[in-house]
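Residues per chain, in single letters:
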Amino acid sequence: MFYVLGLSYYQDEQYQNAITALKKTLDLGGTILTGIPTGSAPSNDIMIKIAEAYAEDGDKDNALLWLRKGFAARYDEKPFIKGSSAFKSFNEDEDFLALFGNDTQKDITREEAWSRDITYLEKRINELRYSSKAISKTDLSKEIIDIKTNIASLSDEQIIFKIIKLFGALGSGHNFILPTSPSKGALKKLPVQFYQFNDGLFIVDAEEGFEQWIGFKVDLIENTPVEVALQKTNAVNARDNDMQILWLGPYYLGLPDVLEGLGIIKNANQVTITISDKEGKSKKVTMNPISWKFTGMPILPKLKTENQPLFLSKKEDNYWAKTLPKYNAMYIQFNVVQQKEGLTLLDFNLKLRENIKQSNSQNLILDMRFNSGGDGSIFPPMLKTLIEFEILNPKGKIFVLVSRETFSAAQNLLTEITKFTNAILMGEPSGSRPSFIGEAGWFKLPYSGLMGIVASQYHQTYKAEDHRNWIAPHIPISLSSIDYFTGNDKVLNVIMEVIKASEIKNKD
């Protein structure tokens, strides 16, 4: 009640009343509501709202005080409130800018600028991260000093690599650097995309002029065998478990500056790889890196054909479903835990439940192989659909398809599914642990503009003594290059076998 009252006072520009009500909310332990757009309100969000109310009321000192409280409580969206209209009256104030690592000095050398960025980075890491188990605060400080000491001898790109390597030491898959975000030193990439199948590393996508190499196996990067190179990426790949080596290792192998920093190649300006065709015939290909824009974690692309297999056909759709009569099943692909414009996840699931009843589907297939997370607060309707199906169809089966990319909020949903249903899990082990350090606090370095995220909140979704590295499938099935390039989804084939065997058993 006090939280909603505080929001109402704020919207009505009664800022002192808003402050009183929101402070009362904190005194009562904070709140997280459902059913209202502003209902997700952890305590650090409320602290920032109090700071905004003080700022709107012209009280700079208290506004800064509550900003500091919110940041100390691991407020995730810090870089994005700098330009907030609430702080427009002192948006250029030195004390305010200091909270974001800024100062008003304009004439500054490259070394000074990077030094201040690195100093601010250390502060933000310590401000955000949940624990220091992976690397201690003391060791982190030593690494920071080492980077700052060598700034003059390093290029901008080499500094970015050093920071990426530092984040690799932080552990946890939610620690990540956006390599194309800085104004200087943005990393380039190779004009091809790699993917690790169960029979090796292959080129699965390419820029114009390199399409002819799609489908080729990668054997060497310069003189380094791919298997060795992939293991070397562990130094930069902050991860929850080893499935993320398969997922993100190939991504790092596509960044020449990372390859150079890891000692895999000698010169980031030109990379030679040895590839082989289906017959095993080898060829060396030299590639120059290209500029690009980071838009998200790499995922397996669609095939370069008109007819796509079911699991690749609508990867860009947040969630969708299709009746599969030959399976006597409803197939659901859940690709990202985010609301879809025009159809909320709740409304999608309400319609889905009706469609399941009308089609009399006796099997439910939930495909989360491409789901690397999102907003974990919105997935309960999907979980309830599976629970309802199991209750109404005691002889039916639920199949949940998982992979190395099933991560973050999708991992949370997977854990809940295993707790409340008897679903059969198929595919690869998941890309995270049942209990993990998740969420992601943003930072933006003031001079270079480099952005990234720091794992900031602990998710314990199962028993306290649950130390599993992942949730393993009941029926393990990994993807081969042959199956992928021919459009064969082996997982669906096995599901058909399980369904047929179950039908025969039920008849007997």
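Residues numbered from 1 in each chain as written. Predicted model: local features only at pLDDT ≥ 70, side-chain atom pairs only at ≥ 80, totals over all residues. Heavy atoms only, no water.

J.: Tell me about the pairing of strand S16 (residues 441-444), and please be specific about residues and values.
T.: With burial as the criterion, only one face of S16 is covered, namely that bearing Gly441 and Phe443; the residues Trp442 and Lys444 on the opposite face remain uncovered. In terms of strand pairing, S16 meets strand S17 (residues 451-454) through 4 bridges, oriented antiparallel. Note on S17: the bridge partner recorded for glycine 441 is valine 454. Hairpin connection of S16 to S17: 6 residues between the antiparallel strands, including glycine 449 at a positive phi of 80°. (Buried < 20%, exposed > 50% of the residue type's maximum accessible area, 1.4 Å probe, protein only. Helix = DSSP H or I, 4+ residues; strand = E, 2+ residues; numbered from the N terminus. Pairing = 2+ DSSP bridges.)

J.: Just give me the short version of the pattern of salt bridges, but keep the residues and values in it.
T.: All chains considered together, the criterion is met by 19 salt bridges. Among the ionic pairs, lysine 189 bridges to glutamate 207, the shortest N-O distance being 3.4 Å. Residue lysine 189 is found in the loop between strand S3 (176-178) and strand S4 (192-197), and its partner glutamate 207 is found in the loop between strand S5 (200-206) and strand S6 (217-221); the two are separated by 18 residues along the sequence. For lysine 189, a relative accessible area of 16% gives the class buried. Of the charged contacts, one joins arginine 468 and aspartate 466 as a salt bridge, the two residues approaching to 2.8 Å between their closest N and O atoms. Exposure remark for arginine 468: the relative accessible area of 33% places this residue in the partly exposed category. The class of aspartate 466 is buried, set by a relative accessible area of 12%. Each of the salt bridges in this network shares a partner with another, and the network as a whole consists of Lys60, Asp93 and Asp95. (Salt bridge = Lys/Arg side-chain N within 4 Å of Asp/Glu carboxyl O.)

J.: An account of the nonpolar core is requested, with residue identities and associated values reported.
T.: The biggest cluster of nonpolar side chains holds 63 residues, and the ones touching the most others in it are Ile163 and Ile221. Looking at which element gives the most residues to this core, the answer is helix H8 (residues 156-168), with 7 residues. Sequence-distant contacts of isoleucine 221, defined by excluding residues within four places in its chain, comprise Val226, Ala229, Leu253, Leu259, Ile264, Ile265, Val271, Thr272 and Ile273. (Core = buried A, V, L, I, M, F, W, Y, C linked by side-chain atoms within 4.5 Å. Contact = heavy atoms within 4.5 Å.)

J.: Break down empty space enclosed by the protein for me, citing the residues and quoting the values.
T.: One pass over the structure, following the stated rule, counts 1 cavity of 30 Å³ or more. Estimates place the volume of the largest cavity at around 220 Å³. In this structure, the largest cavity is lined by 18 residues; those nearest its centre are Tyr195, Arg369, Ser403, Glu428 and Leu479. (1 Å grid on protein atoms, 1.4 Å probe; cavity = no way out; pocket = protein on both sides within 12 Å on 5 of 7 lines; lining within 4 Å. Points joined across faces, edges and corners; volume = space filled by probe spheres on them.)

J.: Account for the environment of isoleucine 475, naming residues and giving values.
T.: Its location among the elements puts isoleucine 475 in strand S19 (residues 475-476). Judged by relative accessible area, isoleucine 475 falls into the partly exposed class, the value being 26%. As a C-alpha pair, isoleucine 475 and arginine 74 span 401 residues in sequence and 40 Å in three-dimensional space. Residues within four places of isoleucine 475 in sequence aside, it is in contact with Ile424, Leu425, Met426, Gly427, Val494 and Val498.

J.: Lay out the side chain of asparagine 175 in plain terms, naming residues and giving numbers.
T.: Along the polypeptide, asparagine 175 turns up in the loop between H8 and S3. For asparagine 175, a relative accessible area of 6% translates into the label buried. Side-chain polar atoms of asparagine 175 contact the backbone oxygen of glycine 171, separated by 2.4 Å. Among residues more than four places away in sequence, those in contact with asparagine 175 are Phe167, Leu170, Ala238, Ile453, Val454 and Ala455. (Polar contact = N/O pair within 3.5 Å; in protein donor to acceptor, adjacent residues only side chain to side chain.)

J.: Now, about the packing of aromatic side chains: what can you tell me, with residues and values included?
T.: Within this structure, the stated rule accounts for 26 aromatic pairs. Ring geometry for phenylalanine 197 and phenylalanine 202: centres 5.8 Å apart, planes at 75°, overall edge-to-face. In this structure, phenylalanine 197 and phenylalanine 202 share a single accessibility class: buried. The interplanar angle of 65° and the centroid separation of 6.2 Å between the aromatic rings of tyrosine 319 and phenylalanine 334 together place this pair among those described as edge-to-face. Of this pair, tyrosine 319 sits in strand S10 (residues 319-324) while phenylalanine 334 is found in strand S11 (residues 329-334), placing the two residues 15 residues apart along the sequence. The pair tyrosine 319 / phenylalanine 334 is uniform in exposure class, with both members buried. Pairwise contacts between aromatic rings join Phe71, Tyr75, Phe87, Phe90, Phe96 and Phe100 into one cluster. Against the face of tyrosine 10 rests lysine 49, its NZ or CZ located 3.9 Å from the ring centre. Its guanidinium or amino end placed over the ring of phenylalanine 370, lysine 315 lies 5.5 Å from that ring's centre, counting from NZ or CZ. (Phe/Tyr/Trp six-rings, centres within 6.5 Å; stacked < 30°, edge-to-face > 60°. Lys NZ or Arg CZ within 6 Å of the ring centre and 35° of its normal.)

J.: Would you mind going over the sheet that holds S19 in detail, with residue names and values included?
T.: Strands sit in the order S10-S11-S12-S13-S14-S19 across an open sheet of 6 strands; the sheet is mixed. Two strands bound the open sheet, and with one partner strand each, they are S10 and S19. Sheet analysis places S10 next to S11, joined by 6 bridges and oriented antiparallel. Looking at S11, one finds that threonine 323 is bridged to methionine 330.

J.: Can you tell me about the side chain of arginine 129, naming the residues and giving the values?
T.: With respect to the helices and strands, arginine 129 occurs in the loop between helix H6 (110-128) and helix H7 (137-149). This buried residue, arginine 129, is left without a salt bridge; glutamate 122 holds the nearest opposite charge, at 8.2 Å. A distance of 2.9 Å separates a polar atom in the side chain of arginine 129 from the backbone oxygen of isoleucine 135. Those residues in contact with arginine 129, other than ones at most four positions away along the chain, are Arg74, Ile135, Ser136, Lys137, Leu140, Leu170, Val454 and Ala455. (Lys, Arg positive; Asp, Glu negative; His and termini not counted.)

Nothing here speaks to function; it is geometry throughout.
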